[in-house]
Amino acid sequence: MAAVDVDSGRRKLDWARAHMPIHARLRERFGASRPFANTVVAVCSHVEAKTGVFIETLAAAGAEVVFTGSEPMSSQDDVMAALNEQDGITGHMRHGVTDDELARLHETVLDQNPNFILDDAAELTARWVARHPDAAAGLLGTCEQTTTGVQRLQAMAGQGVLHFPSYAVNDTPMKHYFDNVHGTGESTLTNLCQATNLLLAGQRVVIAGFGYCGRGLAEKARGWNARVIVTEIDPRRALEAHMAGFDVMPMEEAAAQGDFFITATGNRDVLRDVHFRNMRDGAVLSNAGHFNVEINAEDLGALAKSRREVRAGIEEFTLEDGRRINLLCEGRLANLAAPTAMGHPAEVMDQTFGTQLMAAVDLMSRRQDLSAGVHAVPDAVDREVAEIKLETLGIGFDELTDIQQQFAQAWRIEDIKS
Ligand code: NAI
């Protein structure tokens, strides 16, 4: 095994830190107040430089941080090593671990009995709940950064096993309007083009799911001059995509037309046997949703007479009739697991992790008043992250005058027109 280049990890952290001004402000603020003093905070996310800056900021805020990865292929061992040499930070992750090994690393993190979890797709939270189905067992709360995780938390709450408060950080405007839309859009297309070395202009790109991620992908693919087709299961989202000017059709029709496919639904089997049978020779399949179940790779394997790695990170499946279908990085998150992937741009993750951090501090301070269950992050917390971001950009914005505030509260016609 090649030696890990710790210095490369340090330089990656330096670069990310230089482009994460919200974290610089929060490090200063929470480094003084230390809201996580005497608290073990478990972090699960993609172990790369932006997550590293987030972890460093938590440690500066007094936390004893224990962290792991949420995806085997997105972890960078050099960043991991550069974090592990810092005080108050311990990581358990390695690039390319199997799913079973990843599960064991997650268990190792939970063995540290965290008081707080900052999670991605509820990976640690769901394990914690499975370990302690009847009680919170010392866990004060959790914050969740992605759509799939919020869905899982709601499922746990519905089954009466969520015995602590959780903030749905994913659902804040500062997260999903930027991270899901712009972060996923830019980083997925960039990695798709880099991994394939193919052109999007003039090609038919099929986007499955017109949620926050899907609309970012669709808009940006259009911006790159692709001909975009959207598939949906929600009639309102399908209509929204139509009125945004995209072609909308069921996947069974789109399957026969697409040159590139990107799934972003948070669901499974969005591309499966029936679709592969109709695809064009050379179709490229990729996924941006959290789990690698959106494209049914088993179905594809069953239809293929042969398969090979045709380029780094791309598996080519040749069907009986000679058509070739290409699957990007085993259907894992293309923006994080492709060979050249580095995840979302730093500026976007500065907002996402800044919101996670601010939400966690708020939850810690209000935990006595919060019931067990999934809670919205208070709007004031989200607004403050936006204000910090605008301040770092040097962009001003207006405030309501006293009269405008009164107007916004009025309902009698004489008060409205006076
Ligand atoms: P969302 O809930 O806003 O959108 C999902 C959309 O997919 C919905 O409109 C839904 O109606 C549609 N859908 C569900 N099943 C479908 C099917 N079989 N066919 C077509 N459409 C279907 O969710 P969001 O925020 O867009 O997230 C989607 C996924 O992406 C989640 O798994 C989330 O965790 C993940 N995610 C990935 C990121 C990345 O870095 N790649 C970043 C943020 C989120």
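Just so we're clear, the structure is a prediction, and the values are computed from it rather than from any experiment.

Peer 1: Outline the overall build of the protein, listing residues and values.
Peer 2: When you go through the protein residue by residue, the secondary structure sums to 18 helices and 15 strands. Taken over the C-alpha trace, the protein has a radius of gyration of 22 Å; the compact-globule value for 418 residues is 22 Å, and the two agree within 12%. In terms of principal-axis extent, the alpha carbons of the protein reach across some 70 × 65 × 45 Å. Evaluated residue by residue, the protein yields a buried proportion of 52% over its 418 residues. Counted over contacts in the protein with a minimum sequence separation of 6, partners at least 24 positions apart contribute 70%. When the accessible surface of the protein is summed, it comes to about 18,900 Å², and 49% of that surface belongs to carbon and sulfur atoms. A distance of 3 Å separates the average location of the 39 positive side-chain charges in the protein from that of its 59 negative side-chain charges.

Peer 1: So what's going on with the site of the ligand? Which residues, and what values?
Peer 2: Within the structure, the ligand sits among 29 residues, and Thr 146, Thr 147, Thr 148, Glu 232 and Arg 237 are positioned closest to it. Between the ligand and Glu 232, the relevant distance is 2.5 Å, taken from an oxygen atom to a side-chain nitrogen or oxygen of the residue. If the ligand stood free it would expose 860 Å²; the protein chains cover 88% of that surface. Of all the elements in the fold, those that place two or more residues in the shell around the ligand are helix H7 (147-158), helix H8 (173-196), helix H9 (212-223) and helix H14 (334-337).

Peer 1: Any chance you could break down the pairing of strand S4 (residues 116-119) for me, citing the residues and the numbers?
Peer 2: By the alternation rule, side chains of S4 split into Phe 116 and Leu 118 and Ile 117 and Asp 119, which are all buried. Bridge count for S4 against strand S5 (residues 141-144) is four bridges, and the pairing is parallel. For Asp 119, the partnering residue across the bridge sits in S5 and is Glu 144. Handedness of the S4-helix H6 (residues 123-131)-S5 crossover: right-handed.

Peer 1: Could you give an account of the packing of helix H1 (residues 6-18) against helix H4 (residues 77-84), naming the residues involved and the relevant values?
Peer 2: Two packed helices can be described by the angle between their axes and the distance between those axes. Interhelical geometry of H1 versus H4 gives an angle of 85 degrees and a closest axis separation of 7 Å. Judged by the inter-axis angle, H1 sits roughly perpendicular to H4. Of the residues in H4, those touching H1 at Val 6, Ser 8, Gly 9, Arg 10, Lys 12 and Leu 13 are Asp 78, Val 79, Ala 81, Ala 82 and Leu 83. Within the contact of H1 with H4, the residues separate by chemical class into six nonpolar, two polar and three charged.

Cut-offs used in this document
Residues numbered from 1 in each chain as written. Predicted model: local features only at pLDDT ≥ 70, side-chain atom pairs only at ≥ 80, totals over all residues. Heavy atoms only, no water. Helix = DSSP H or I, 4+ residues; strand = E, 2+ residues; numbered from the N terminus. Rg over C-alpha atoms; globule rule 2.2 N^0.38 Å. Buried < 20%, exposed > 50% of the residue type's maximum accessible area, 1.4 Å probe, protein only. Contact = heavy atoms within 4.5 Å. Areas by Shrake-Rupley, 256 points an atom, 1.4 Å probe, with all protein chains shown as cover. Lys, Arg positive; Asp, Glu negative; His and termini not counted. Charge placed at Lys NZ, Arg CZ, Asp CG, Glu CD. Near = heavy atom within 4 Å. Polar contact = N/O pair within 3.5 Å; in protein donor to acceptor, adjacent residues only side chain to side chain. Pairing = 2+ DSSP bridges. Right-handed = clockwise from strand over helix to strand, strands pointing away. Axes fitted to C-alpha atoms, helices over the stretch in contact; angles between N-to-C directions. Parallel < 35°, antiparallel > 145°, perpendicular 65-115°, else oblique. Nonpolar A, V, L, I, M, F, W, Y, C, P; charged D, E, K, R; others polar.

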